[in-house]
Amino acid sequence: MGAQFVPLPSAQEVSSDGYAKEMSADQASAANALYAQQAAESDVVITTASIPGRRAPVLLDRSAIEAMRPGSVIIDMAAATGGNTELTVPGQVVTTDGGVTIVGHTDLAGMLPAQATQLYGRNIVNLLSLVTPDKDGTLALDLDDEVVRAIAVTHDGELLWPPPPIQVSAAPAASQPERTAADDAAAQEAARAAQARSRSRQWLGLAAATLVAAALVLVTPSAATSHYIVLMLSVILGFHVISNVTPALHTPLMSVTNAISGIILVGAISQVGHPHPLISAISLAAVVLATINIVGGFAVTHRMLAMFTKD
């Protein structure tokens, strides 16, 4: 259904038992700011943070909930231990003045008996398959198995409770096959071939551009040929100027290009009704392209500047 986990903005301590750990004040503040931003952009938010033996941490405060769109829904699965939002009422479904519904049921499994029974039954089947590997009803307990060890209380007169904490870790990365000298040589040869093809395409493109430019010069009135020199010099100068601009100045540079596109737009509009159909068609294309460049440029500039705007 398109649901996504929201990763925390900073590195967190790896849990050894699979349950949440209480964060520091700075980590909690950064996380809550991120949750508030994501909640304001979402229609449905599901919170699940629960710390064993402690009150559930508040992930969404009143201001974050008020910033959500009317009709949004929060499913607070930690309502039984206080809830992950400031406005959660354990055991009730409430609607805020801003139209946000907060579901605070404390026994979601009890409200879905058929689904809960299926899930529980599947777990029991998997457990019986694990402890009776020969499928003959005879228990064969493997205490090296984390699941079996975790549920074993006593064995052969020895007390095994409480079990050691379960170590939660990511799956190991798949091992990469060893590269040989022949593989490296083949990779280098493929890289050289790719570079050769790229150079060939560049030369073909340059030749095609030269032919097009020559054709334009031939069909252009002699009085206007001097403009091509200005255009060529502008292209060369613009390429060197833009390529040497530091990335930190790309946003103001985009604003400058928007201004240039505005000049092109005005000039193109003045030529749309030209008697010559080719000039009129080129002017119309210039109007469309310049408009797209201006609108897209301002949209990108706004998004880039928003990254540096404090709430």
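The text that follows walks through the structure, step by step, so that each part is easy to find. In this text the structure is predicted, and so the values were computed from the model without any measurement.

What follows is about the side chain of Asp76. Secondary-structure assignment places Asp76 in strand β2 (residues 73-76). Engagement of the side chain of Asp76 in a polar contact is seen with the backbone nitrogen of Ala78, the distance being 3.0 Å. Within the structure, Asp76 has its side chain in polar contact with the backbone nitrogen of Asn84 (distance 2.6 Å). Setting aside residues no more than four positions away along its own chain, Asp76 makes contact with Thr47, Gly83, Asn84, Thr85, Thr88, Val103, Gly104 and His105.

A word on a negative patch on the surface. A surface patch of negative charge is lined by Asp61, Glu66, Glu86 and Asp97. With respect to the helices, strands and loops of the structure, Asp61 is situated in the loop between β1 (44-47) and α2 (62-66). You can call Asp61 partly exposed: its relative accessible area is 36%.

Across the sheet, four strands lie side by side as β1-β2-β4-β3; this open sheet has mixed pairing. At either end of the open sheet lies a strand with only one pairing partner, and these are β1 and β3 (93-95). Here the average twist between neighbouring strands, direction ignored, is 15°. Here β2 runs beside strand β4 (residues 101-103); their pairing, made up of three bridges, is parallel. Within β4, the residue paired with Val73 across the bridge is Thr101.

Okay, a nonpolar patch on the surface next. Together, Val212, Leu216, Leu218 and Val219 make up a nonpolar patch on the protein surface, roughly 430 Å² of accessible area in all. Examined against the element boundaries, Leu216 turns out to sit in helix α6 (residues 181-219).

Right, let's get into the layout of surface pockets. Roughly 750 Å³ of volume is contained in the second largest pocket. What lines the second largest pocket is a set of 15 residues, among which Thr220, Ala224, His227, Tyr228 and Ile282 lie closest to the centre. Those elements that provide at least two residues to the lining of the second largest pocket are α6, α7 (226-243) and α9 (277-306). Classifying every residue of the lining of the second largest pocket gives eleven nonpolar, four polar and no charged.

Let's shift gears to unusual backbone geometry. The residue after Trp161, namely Pro162, is reached through a cis peptide bond having omega 0°. With respect to the helices and strands, the residue Pro162 is situated in the loop between β6 (158-159) and α6.

Take the nonpolar core next. Formed by 14 residues in total, the largest nonpolar core has its most connected members in Val45, Leu60, Ile65, Met68, Ile74 and Ile102. Sorting the residues of this core by element identifies α1 (25-40) and α2 as the ones contributing at least two each. Counting residues per element, this core draws most heavily on α1, which supplies three residues. The residues touching Leu60, leaving out its near neighbours within four places in the chain, are Tyr35, Ala36, Ala39, Val45, Ile65, Ile74, Asn84, Thr85 and Glu86. In this structure, Leu265, Val287, Ala290 and Ile294 belong to the second largest nonpolar core, which totals five residues.

All right, on to the pattern of salt bridges then. Considering all chains together, one arrives at two salt bridges under this definition. With a shortest N-O distance of 2.9 Å, Arg69 and Asp43 are connected by a salt bridge. With a gap of 26 residues between them, Arg69 in the loop between α2 and β2 and Asp43 in the loop between α1 and β1 connect regions that are remote in the sequence. The exposure class of Arg69 is partly exposed, given its relative accessible area of 37%. Residues Glu189 and Arg192 are paired through a salt bridge, measuring 2.8 Å at the closest nitrogen-oxygen approach. Of the two residues, Glu189 and Arg192 both sit in helix α6, three residues apart, roughly one turn of that helix. In this structure Glu189 comes out as partly exposed when scored by relative accessible area, which is 45%.

The rules we used
- Residues numbered from 1 in each chain as written.
- Predicted model: local features only at pLDDT ≥ 70, side-chain atom pairs only at ≥ 80, totals over all residues.
- Heavy atoms only, no water.
- Helix = DSSP H or I, 4+ residues; strand = E, 2+ residues; numbered from the N terminus.
- Polar contact = N/O pair within 3.5 Å; in protein donor to acceptor, adjacent residues only side chain to side chain.
- Contact = heavy atoms within 4.5 Å.
- Patch = residues over 30% accessible without salt bridge, like charges linked within 9 Å, V, L, I, M, F, W, Y side chains within 5 Å.
- Areas by Shrake-Rupley, 256 points an atom, 1.4 Å probe, with all protein chains shown as cover.
- Salt bridge = Lys/Arg side-chain N within 4 Å of Asp/Glu carboxyl O.
- Lys, Arg positive; Asp, Glu negative; His and termini not counted.
- Charge placed at Lys NZ, Arg CZ, Asp CG, Glu CD.
- Buried < 20%, exposed > 50% of the residue type's maximum accessible area, 1.4 Å probe, protein only.
- Pairing = 2+ DSSP bridges.
- Axes fitted to C-alpha atoms, helices over the stretch in contact; angles between N-to-C directions.
- 1 Å grid on protein atoms, 1.4 Å probe; cavity = no way out; pocket = protein on both sides within 12 Å on 5 of 7 lines; lining within 4 Å.
- Points joined across faces, edges and corners; volume = space filled by probe spheres on them.
- Nonpolar A, V, L, I, M, F, W, Y, C, P; charged D, E, K, R; others polar.
- Core = buried A, V, L, I, M, F, W, Y, C linked by side-chain atoms within 4.5 Å.

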